[in-house]
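The primary structure of each chain is shown beneath.
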Amino acid sequence: MAGFWGRRFGNMKIHICTKEQAAQRAAERYVQLLREKPNAVLGFATGSTPLQLYAELVRRYQAGDVSFRNTTTFNLDEYVGLDGENTESYRYFMDTHLFSKIDVPKGNTHVPSGIGCTDASVTVYDDLIAAAGGIDLQLLGVGRNGHIGFNEPGTPFGSITHIVNLSRSTREANARFFNSVDDVPRQAVSMGIKTVMNARAILFFAQGEKKAQVVHDALCGPVTEDVPASVLQLHPDVELYLDFDAAKLL
Ligand code: F6R
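Only a predicted model underlies this, so the values are computations on that prediction, with no experimental measurement involved.

S.K.: Looking at this structure, how should I read the layout of surface pockets?
M.R.: If you add up the space inside the largest pocket, you get close to 610 Å³. Surrounding the largest pocket, 29 residues form its lining, Thr-49, Val-142, Asn-174, Arg-176 and Lys-211 being those nearest its centre. When grouped by side-chain class, the residues that make up the lining of the largest pocket number eight nonpolar, 14 polar and seven charged.

The following block contains the structure:
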């Protein structure tokens, strides 16, 4: 089935298409952004959802279409207790799937540190983002419970980078990357909702039937801290890429 592009849903632009089309169209947006602003600040996400996009960004880089040499990057989150050498850490994920395959200087890439962090120390991440000029384009996936970053239901919309207690459902959903659910850390450091909303533009990806209900609730339901992704209804520049399964309740 062919995708269709550029539908407006409130003030959000929504694309319903295949994963491949989503990766290509979104990658093109990065290429355009970096042509206009080679030193753009990019917010990245981990998980299964962005993998095709990252592969496409690598392909476009290898084809000579884009350079990340002058970019600065900030990832959404990291598990507490895992250092960057740990193969389950989000730092390791980003190094493996993207950073080691493009020309971004390693020193320009930021993932919150999950080691030795305290409620007070993690807020420095917002200062780093501000010092870099703010995020130009933030990539988001969504949890089945509506989390963005690791901001679980109930997280205040005014939150900045903070330590999060992961819900049982999030730990179960992410257990596939670990030996068992008991090995999934109980806490993470995450950009807050306000940190995310401060980004100038947001790219939101959701794929698969398991995300259909939350996509519906986030887009069509009330804006509520019970569904963190619903806050995106209040952002002036959000582009959504949904596959047909994730969009089926819209
Ligand atoms: C990842 C993140 C999470 C994921 C979400 C969806 O950095 O912040 O919000 O985007 O849990 O994960 P996947 O893509 O694995 O379904």
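S.K.: Any chance you could explain the site of the ligand here in plain terms?
M.R.: In the vicinity of the ligand there are 14 residues, among which Thr-49, Asp-77, His-147, Gly-149 and Arg-176 approach most closely. Thr-46 is positioned with one of its side-chain polar atoms (N or O) 2.8 Å from an oxygen atom of the ligand. Calculation on the ligand without its partners gives an accessible area of 410 Å², and the protein chains cover 93% of this total. The cavity that encloses the ligand is the largest pocket. The class makeup of the residues in the shell around the ligand is three nonpolar, eight polar and three charged.

S.K.: What exactly am I supposed to notice about helix α1 (residues 19-36) here?
M.R.: Along an α-helix, residues three or four positions apart point the same way, because every turn accommodates 3.6 residues. Here α1 is 18 residues long and its end C-alpha atoms lie 26 Å apart, about the 26 Å a rise of 1.5 Å per residue gives. Along α1, the residues classified as buried are Ala-22, Ala-23, Ala-26, Ala-27, Tyr-30, Val-31, Leu-33 and Leu-34. Of the surrounding secondary structure, the elements contacted by the buried residues of α1 are β3 (41-44), α2 (51-62), β7 (137-140), β10 (201-206) and β11 (238-242).

S.K.: Got a minute to help me understand the environment of Gln-21 in this structure?
M.R.: You can see Gln-21 is positioned in helix α1. What makes Gln-21 partly exposed here is its relative accessible area of 22%. Sequence separation of Gln-21 and Thr-118 is 97 residues, and the distance between their C-alpha atoms is 41 Å. Side-chain polar atoms of Gln-21 contact the backbone nitrogen of Thr-18, separated by 3.0 Å.

Definitions and limits used
- Just so you know, the residues in each chain are numbered from 1, in the order the chain's sequence is written.
- Residue-level local features of this predicted model are given only where pLDDT is at least 70; pairs of side-chain atoms are given and counted only at 80 or more, and the full residue set underlies all totals for whole chains, interfaces and linings.
- Water and hydrogen atoms were dropped before computing side-chain values, which therefore reflect all heavy atoms in the structure.
- We place a 1 Å grid over just the protein atoms. Points where a 1.4 Å probe fits but has no way out form a cavity, open points with protein on both sides within 12 Å along at least 5 of 7 lines form a pocket, and any residue with an atom within 4 Å of a point lines it.
- Grid points are joined across faces, edges and corners, and a volume is the space filled by probe spheres set on the points.
- All residues other than Ala, Val, Leu, Ile, Met, Phe, Trp, Tyr, Cys, Pro, Asp, Glu, Lys and Arg, Gly among them, are scored as polar; the first ten of these are nonpolar and the last four charged.
- Summary of the distance rule: residues count as near a molecule or strand when at least one heavy atom falls within 4 Å of that molecule or strand.
- A 3.5 Å cut-off defines polar contacts: any pair of N or O atoms within that distance qualifies, except that in protein one atom must be a possible hydrogen donor and the other a possible acceptor, and neighbouring residues in sequence count only when both atoms are side-chain atoms.
- Here the open area of atoms and residues is found with the Shrake-Rupley method and a 1.4 Å probe, where only the protein chains shown may cover a residue.
- Molecule-in-pocket calls rest on the fraction of atoms, with more than half required to lie within 2 Å of the cavity or pocket grid points.
- A run of H or I in DSSP becomes a helix once it reaches four residues, and a run of E becomes a strand once it reaches two; helices and strands are each numbered from the N terminus.
- How far a helix is expected to stretch is found by multiplying one less than its residue total by 1.5 Å.
- Relative accessibility under 20% of the residue-type maximum defines a buried residue, over 50% an exposed one, and the middle range a partly exposed one, all with a 1.4 Å probe and only protein chains included.
- Any two residues having at least one pair of non-hydrogen atoms within 4.5 Å are treated as being in contact.

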